[in-house]
Structures are given as structure tokens and as C-alpha cells.
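Understanding the architecture of this molecule
Spelled out from the first residue to the last, the chains are:
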Amino acid sequence: MSAGTLTVEGAGSAWSPFSQRAFTLLWTATLISNTGTWMNDVGAGWLMTTLNPSPAVVSLVQAATTLPIFLFALFAGTLADRLDKRSLLIAVNVLMCAVAAMLAWLVARGAMTPALLITFTFMLGTGAAFIAPAWQAVVPELVPREQLSPAIALNSLGINISRAIGPALAGVLITTAGLAWPFILNAASYVLIVLVLWNWRPPKKDASALPPEPLLHAIITGLRHAAHNQPFKATLVRALSFFLFASAYWALLPLIARQLPGEGARLYGLLVAAAGIGAVAGALLLPRLKPRLDTHRIAALGVFTTALSMALLGLANLPLWAMAASLLAGLGWITVLTSLHVSAQTALPGWVRARGLSIFLMVFFGSMSLGSVLWGQLAQHTSIATAMIVAGCGAVIALALTWRAKLGQAEGLDLAPSAHWPQPIIHGGSQEHFDRGPVMVSITYRIDSANIDAFLTAIRELASERYRDGAFQWGVFQQSEDPTLWIESFQVSSWAEHLRQHDRVTENDRRLQAQVKQYHQGELPPKIEHWLAPVRGGQSSPGELL
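Every residue gets a number counted from 1 within its own chain, in the order that chain's sequence is written. With pLDDT at 70 or above as the cut-off, local features in this predicted model cover only qualifying residues; side-chain atom pairs require 80 or more to be listed or tallied, and sums for whole chains, interfaces and linings still use all residues. Calculated side-chain values reflect all of the structure's heavy atoms, with hydrogen atoms and water omitted.

1. Things to note about the overall build of the protein
In this text, helices come from DSSP runs of H or I with a minimum length of four residues, and strands from runs of E with a minimum of two, each type numbered from the N-terminal end. Helix and strand counts for the protein stand at 16 helices and 4 strands. The globule rule puts the C-alpha radius of gyration for 546 residues at 24 Å, and the 26 Å found for the protein is close to it. Here the protein holds 546 residues, and the buried ones make up 57% of them. A contact between two residues is defined here by any heavy atoms of the two lying within 4.5 Å. Expressed as a percentage of contacts within the protein between residues at least 6 apart in sequence, the contacts between residues at least 24 apart total 83%. Only the protein chains shown count as covering a residue, and every accessible area follows the Shrake-Rupley method with a 1.4 Å probe. Carbon and sulfur atoms make up 65% of the accessible area of the protein, which totals about 23000 Å². Throughout, the radius of gyration refers to the C-alpha atoms, and the reference size of a globule is 2.2 Å times the residue count to the power 0.38. Per-residue accessibility, obtained with a 1.4 Å probe over protein chains only, is compared with the maximum for each type, and a residue is labelled buried under 20%, exposed over 50%, and partly exposed between these values.

This is the structure:
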């Protein structure tokens, strides 16, 4: 079989995730639901051009769609890591169905205003903010690890198939049946996704004996993990540098369609559909590029393609030229988006995946929201063509400035739980001390003087692992009386949090710890001790500090 051949049987082929029944059902339902969403987005964008055609106001529709994800995604991701993801997805989709139905009713009655349209768009964007982290965190549970990359690509493919179908259908409906119909069908599409989720039964997980992680603490832990996860931080930098400029395409496309000769809403739907077709082609092309180029260079190719398409679209004076530019835009968009998603997913262990992906989504949609407003203002004060060309050039310059932030750094890492830490012993039992804290863990090493520099290099890399897994303070110290003795110490907020660290440590963390341990001398392994802070309002007995 040649590289990139599309067969269902190959474990890592483009279609292999469809061998998983749960993935296939959810993918199909999401495709239909996303088709309704794209119909709604096209309808909202076009409706705003009839209510208020100002570029600054029209761009606010895009901003209202993306801003809620920036505002609420981290909270939503934290909930997804704490709660049952299926139940969360069902509840949010039911609420979005109700909001979409109300929106459709107001449009059908002719009672919509610019302020109301932005409000409802913001509400639907808020629902999307709570769905996205949970759904993306579910994907690795639906397929084996070797099928994760094609599963992510297929998700993007589904989004862009819906982008090809939804906008074109919306354009036809607006011109033939009325402006309310895209909104009506969007409301109906939520019913299907709820039914599929209701009938899906994910594998049961063993219930944890630990108490639920406090919500605020869980958010802080997720942020701390992201701050000390180098492959993930590189992904965030690249996402910000791309979406800030690529947002110009989606923010200004309704106005480009309006100023070109054609049938208005239908042309707008066709332009968005062309981008979807280009994205579908890109998703099919990616498996053939993967054996030849790494994720980092594939994303760079997508940035150049997107930048070129925006410049061409800004200069387009004929519908056919604009259609060709939109095809190119879809091709570049899916290439970058899939590369960023793969880079983010592979950089995050399962216990913090939803929180990490929510941070990625915050950067994604925050930069899209900011960019939409900026490009709308620039188009208002100059021209649409100027804004598109400046955005395209900016994307290329941003790529050059962030080139050292490599994508795909974690693709070869094993982030599966290692469970190699021995269970700590505590006087009176763990449950009696779940709330005790902070907790200090100390590890004593004996290091030969010739190996001190190598030891310090290795243990400083291990420091990031300690922070990623929940520590809020870390240090390494040399004993003054015996310079061969070194103590590494780190602190966590509570005894329960330290027990969570035991569940979080990965196979890659085991490798980092082994690199440090190789410099330890002596017949016995490094000595590990646990120290608990005194009970608040009282004094602990000496036997409680182990």
C-alpha cells in the first residue's frame, strides 16, 4: 500500500476511524448539526447586511460568534474534565435548540433588530463554547491512539463538508423560501444530535476514590499545566499568529459578496461553500502530505495558501475569481487548522485534555474575535481590498516571527498514565487527610561531583513535569555539610491533590524521572518523604507528619 492511500482498513489511514461505530454515529450527527450551524451563520451574516450594511457592524456578527468561546471556554473545559461529558453535551445542545428556535421565530415574524441578532448570535456562541472542549476531549476516547490524527482530520472534514453544504443551501433558501428558513432548519438540527448523544453509551470508567477537584483549583491547575507544557505553548503561539490575520476572511466575506455582481445572498452562500469544498479537498490531501512533510511545515504551507487567497479575494472583481480564491482559502484553512489541532491534542494528557483544549479554543476564538473587529474597522476607514491584502501579508510576517514555535513536538511522546509511583503511606489513612495541605514532597539524591552539571540539567527539565502535574512550588538544594547530597522538593495544595498526581504521571514523565535517577549513587534508591502542613486551628501530632 502506498503512503497516503485511503483505505478503511489501515490503522492510520484517512478513513480508519470509521471502523469505530461510536465515532461514525457521532461524526454523522455532528455533520448534520454543523450544516445547520453554517446555515444559521450565513443567514445571520446576510441578515445583518440588510439591517445595517456597515462593515464595522457586519463584522460584529463574526465577533459575537467567536467571543463567547474566548470568555467561557476555560470554564467549560474545566466542567468537561469534572463532569460526565455525554450528559454535558446533551444538556447544552437542548438549550441551544431552544435558543435557535426563538431566533427563528423572531426572524419569521420580522421582529429582528441588529442588537437582537448580535445577542442571539452571542448566546449560540456561548453554547458552542461549552460544547467544543467536551466534544474534542471525547474524540480520543472514540478511537485508538494510532487513529487520532485521521480522526481529527475527519472531524475537520465533516465541518467543512457542512460548510460546503450549509451555506449553499442557506443561499438557496434565503432567495427562494425566505430568510427565516436557515434559522428554522438550524433549530431542527439540534434535535438529531441530542438523539444520537442520548443513545450513545461511552465505556464506563472506574470511579475515583478521590473527592472532586474544586472548580477554581481545577482551572488554576489547567492554566499551570499549559504554562509548563512547551509543545502546547508553541501550538498556542502559532494559533494566535494565524487566526488573528485569517479572521479577516470570515469577517469580511459577506461584504465582498455584496459588492460583487451576482445574486447577493446566493453568491455569499456559494463563496462559503467554495471554501468548504476547498477544505474537503485539503482534508483528503493531508494524508498524502504527512509522510513527506512534518506537521510544522504542513502548517506553514497552509499559512502561505491562506495569505495568497485573502490577497486574491481582496482584488477579486468577478464572482468566478472570488470563488477560486475561496477554494484556495478553504484549502489553506483546513491545512493549518488540522495541524494545530493535532499538535494540541498530542501535547495534552487525558486528565487535563478538555482544559487544555479550552485554552487552545480561547486563543483560537479570542484572536478571531479581535481580528474580526480590527479588520472591520480597517475596511471601514480604508477599503475591503486593503484590509484583505494587509491581513494576508500580516499572516506571512507572523509566520516568520513565530517560526521557532514548532508544531507537533509531542507527537512522539507517550502521555498514557504510567501508574509507576508507589502509593504513599499516611498515618490514619488517606481519607482522613484529603484536605490537609499544603503538602511538601522531598526526594534525596546522592550525586557525584563530576555529574552535578548533568544532574541539574536533567532535574530542571523534570521541574516542568512537577508543575504540569499540579505542583505550585519547586526547588532543588545542595546540603552544606555534604555536597554530594541534593534534595528536590515540590509542594502541592493538599494531600488529595498529591494523590491526583499519582494518577496524572505519564510514561513520558517516567522517562524524565529515570534521566534524573541515573545520576543517583548508592545501593538504595533516592529517598522520598511526604510532609503535611499542621492542621489549621490546631497542632498536629508528630506521628501525622510522614
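2. Regarding the pattern of salt bridges
For salt bridges, the criterion is a side-chain nitrogen of Lys or Arg within 4 Å of an Asp or Glu carboxyl oxygen. Tallied over the entire structure, the rule returns 11 salt bridges. D509 serves as the salt-bridge partner of R468, at 3.6 Å between the closest nitrogen and oxygen. One end of the pair, R468, is in helix 14 (residues 452-468); the other, D509, is in helix 16 (residues 507-517), and 41 residues separate them in sequence. Grouping residues by exposure puts R468 and D509 together as buried. Within the structure, one salt-bridge network assembled from shared partners comprises E213, R355, E497, R500 and R504.

3. Observations regarding the packing of aromatic side chains
Put simply, two rings from Phe, Tyr or Trp (the six-membered ring, in Trp's case) pair if the centres are within 6.5 Å, and we call them stacked under 30 degrees between planes, edge-to-face over 60, tilted for the rest. On inspection of all chains with the given rule, the structure shows 17 aromatic pairs. Relative to F23, the ring of F18 has its centre 5.9 Å away and its plane inclined at 55°; by these criteria the two rings are tilted. F18 sits in the partly exposed class, given a relative accessible area of 26%. Ring centres 6.0 Å apart and planes at 45° place the aromatic pair F245 and W375 in the tilted group.

4. Comments concerning the sheet that holds strand 2 (residues 473-478)
To summarise the sheet geometry, strands pair through backbone hydrogen bonds and adopt either a parallel or an antiparallel arrangement. Strand pairing is defined by DSSP finding a minimum of two bridges between the two strands. Pairing is antiparallel in the open sheet, where 4 strands are placed in the order 2-3-1-4. The open sheet is flanked by strand 2 and strand 4 (527-532), the only strands paired with a single partner. Averaged over all neighbouring strand pairs, the angle between strand axes comes to 20°, with direction disregarded. Two elements, strand 1 (residues 439-446) and strand 3 (residues 485-492), share 8 bridges in a ladder whose sense is antiparallel. In the strand pairing of strand 3, M440 is matched with Q491. Structural elements are reduced to axes, namely lines fitted to C-alpha atoms, with helices fitted over the stretch in contact, and the angle between N-to-C directions of any two is expressed from 0 to 180 degrees. Running over the sheet, helix 14 touches strand 1, strand 2 and strand 3 and is turned about 160° from strand 2.

5. Quick notes on the pairing of strand 2
Relative to strand 3, strand 2 runs antiparallel, the two sharing 6 bridges. From the neighbouring strand, V476 faces strand 3, where its bridge partner is E488. Connecting strand 2 to the antiparallel partner strand 3 that follows it, the hairpin turn spans 6 residues.

6. Re helix 16
Residues N508, D509, L512, Q513 and V516 constitute the buried set of helix 16. All buried residues of helix 16 project into a common sector of 140° when viewed along the axis, lining one side. Packing partners of the buried residues in helix 16 comprise strand 1, helix 14 and helix 15 (495-504). Comment: arc refers to directions from the helix axis out to C-beta atoms.

7. With respect to unusual backbone geometry
Non-glycine residue A419 carries a positive phi angle of around 50°. Inspection of the secondary structure puts A419 in the loop between helix 13 (384-401) and strand 1.

8. Re the nonpolar core
In plain words, nonpolar cores are sets of buried Ala, Val, Leu, Ile, Met, Phe, Trp, Tyr and Cys residues tied together by side-chain atoms within 4.5 Å. Core analysis: the biggest nonpolar cluster contains 133 residues, and F232, F243, Y249, W333, F360, F364 and M388 have the highest contact counts within it. With 15 residues, the single largest contributor to this core is helix 8 (residues 230-259). Setting aside chain neighbours within four positions, we find M388 in contact with A248, Y249, L252, I256, M310, A311, L313 and G314.

9. Some thoughts on helix 12 (residues 353-381)
In this model, helix 12 (29 residues) spans 42 Å end to end at C-alpha, consistent with the 42 Å of a helix rising 1.5 Å per residue. Of all 29 residues in helix 12, 21 are buried, a share of seventy percent or more. By this rule the span expected of a helix is its residue count minus one, scaled by 1.5 Å.

10. Comments concerning a nonpolar patch on the surface
There is a patch of nonpolar side chains on the surface, built from I165, L169, W181, I184 and L185 and spanning about 390 Å² of accessible area. Listed by contribution, the elements that provide at least two residues to the nonpolar patch are helix 5 (148-176) and helix 6 (181-199). Tallying contributions element by element places helix 6 first for the nonpolar patch, with 3 residues. Relative to the assigned elements, I165 resides in helix 5. On the basis of relative accessible area, I165 is assigned to the partly exposed category, the value being 43%. Every patch collects residues that have over 30% relative accessible area and no salt bridge, joining them within 9 Å if they carry like charges and within 5 Å if they are nonpolar side chains (Val, Leu, Ile, Met, Phe, Trp, Tyr).

11. Section: the packing of helix 2 (residues 55-82) against helix 7 (residues 215-227)
Two elements in contact, helix 2 and helix 7, have axes separated by 10 Å at closest approach and are oriented at 105°. Between helix 2 and helix 7, the angle is such that the two are roughly perpendicular. Across the interface between the two elements, L74, F75, T78, L79 and R82 of helix 2 pack against L215, A218, I219 and L223 of helix 7. In this classification, the charged set is Asp, Glu, Lys and Arg, the nonpolar set is Ala, Val, Leu, Ile, Met, Phe, Trp, Tyr, Cys and Pro, and all remaining amino acids, among them Gly, are polar. Counted by class, the contact of helix 2 with helix 7 contains 7 nonpolar, 1 polar and 1 charged residues. Should an angle lie under 35 degrees it is considered roughly parallel, over 145 roughly antiparallel, and from 65 to 115 roughly perpendicular; all remaining angles are considered oblique.

12. A word on the environment of Y467
Tracing the chain through its elements places Y467 in helix 14. Along the backbone, Y467 and V492 are 25 residues apart, and their C-alpha atoms lie at a distance of 9.2 Å. Excluding its chain neighbours within four sequence positions, the residues that come into contact with Y467 are R224, H228, F472, Q473 and W474.

13. Some remarks on the environment of A153
Along the chain, the position of A153 falls in helix 5. The contacts of A153, once residues within four sequence positions are left out, are A283 and T338.

14. What about the environment of A471?
For A471, the position within the fold is in the loop between helix 14 and strand 2. Once the C-alpha coordinates of A471 and V492 are considered, the two residues, 21 residues apart in sequence, prove to be 4.6 Å apart. When residues no more than four places from it in sequence are discounted, the contact partners of A471 are R224, R466, F490, Q491, V492 and Q501.

15. Some details on the side chain of S339
Within the secondary structure, S339 is located in helix 11 (residues 319-347). Residue classification places S339 among the buried positions, given a relative accessible area of 6%. Those residues in contact with S339, other than ones at most four positions away along the chain, are T295, I298, A299 and L407.

16. Some details on the confidence of the model for the protein
Each residue carries a pLDDT score, the predictor's own confidence in it, on a scale running from 0 to 100. When the pLDDT values of the protein are averaged, the result is 84; 91% of them are 70 or greater. Low pLDDT, under 50, characterises residues 538-546; the predicted model gives this stretch 19 contacts beyond four residues in sequence or across chains.

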